[in-house]
Amino acid sequence: MRAELRQKILTVCDRKIAQKGAGVGLSFYAFFTNRNDDPALLMEAATWWIETHQLDHFEKAVKVRAMVAEGL
């Protein structure tokens, strides 16, 4: 995963957790303001989320943040 995507995920997860608490869930679409802004980056996030880790559509932000911070 490129550094740009990793930082974006960490930032969004931190913001969502701060706003709504540790129980907040999100999907990989949460990392994009418009699904068509950067198709390559969106596909990279989707591949990491769906193919690599087989995550559910919605996952807890704390789980996703921990996975990215650990370099998974």
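Residues numbered from 1 in each chain as written. Predicted model: local features only at pLDDT ≥ 70, side-chain atom pairs only at ≥ 80, totals over all residues. Heavy atoms only, no water.

Draft legend 1. Expanded view of the overall build of the protein chain. Scanning the protein chain from N- to C-terminus turns up three helices and two strands. Expected size for 72 residues packed as a compact globule is a radius of gyration near 11 Å; at 11 Å, the protein chain falls within 12% of this value. Overall size of the protein chain, expressed as C-alpha extent along the three principal axes, is 30 × 25 × 20 Å. Looking at the protein chain as a whole, 32% of its 72 residues qualify as buried. Within the protein chain, residue pairs in contact and separated by at least 24 positions form 55% of the contacts whose partners lie at least 6 positions apart. (Helix = DSSP H or I, 4+ residues; strand = E, 2+ residues; numbered from the N terminus. Rg over C-alpha atoms; globule rule 2.2 N^0.38 Å. Buried < 20%, exposed > 50% of the residue type's maximum accessible area, 1.4 Å probe, protein only. Contact = heavy atoms within 4.5 Å.)

Draft legend 2. Spotlight on the packing of helix H1 (residues 3–20) against helix H3 (residues 61–69). Contact geometry of H1 with H3 gives a least axis separation of 9 Å together with a crossing angle of 150°. On the basis of the axis angle, H1 is roughly antiparallel to H3. Where H1 crosses over H3, the two elements pack in a sense that is left-handed. For the pair H1 and H3, the contacting residues are Arg 6, Ile 9, Leu 10, Cys 13, Asp 14 and Ile 17 in the first and Ala 61, Val 62, Val 64, Arg 65, Val 68 and Ala 69 in the second. (Axes fitted to C-alpha atoms, helices over the stretch in contact; angles between N-to-C directions. Parallel < 35°, antiparallel > 145°, perpendicular 65-115°, else oblique. Left-handed = near helix turned anticlockwise from the far one by under 90°.)

Draft legend 3. Main features of helix H2 (residues 39–52). Here H2 contains 14 residues, and its C-alpha end-to-end distance of 18 Å stays within 8% of the 20 Å for a straight helix at 1.5 Å per residue. Those residues of H2 lying buried are Leu 41, Leu 42, Ala 45, Ala 46, Trp 48 and Trp 49. Where H2 is buried, its residues meet H1, strand S1 (25–26), strand S2 (59–60) and H3. Where H2 ends, the next residue or the one after it, Gln 54, has phi of about 50°, a positive value. (Expected span 1.5 Å × (residues − 1).)

Draft legend 4. Seen up close, the environment of Arg 2. For Arg 2, the position within the fold is in the segment before H1. Take Arg 2: its relative accessible area is 35%, and that puts it in the partly exposed class. For Arg 2 and Ala 18, which are 16 residues apart along the polypeptide, the C-alpha to C-alpha distance reads 25 Å.

Draft legend 5. Structural context of the packing of aromatic side chains. For the structure on display, the rule yields four aromatic pairs. Their ring planes at 35° and their centres at 4.5 Å tell us that Phe 28 and Tyr 29 sit as a pair that is tilted. Assessed through its relative accessible area of 30%, Tyr 29 is described here as partly exposed. Grouped by ring-pair contacts, the aromatic residues Phe 28, Tyr 29, Phe 31, Trp 48 and Trp 49 constitute a single cluster. (Phe/Tyr/Trp six-rings, centres within 6.5 Å; stacked < 30°, edge-to-face > 60°.)

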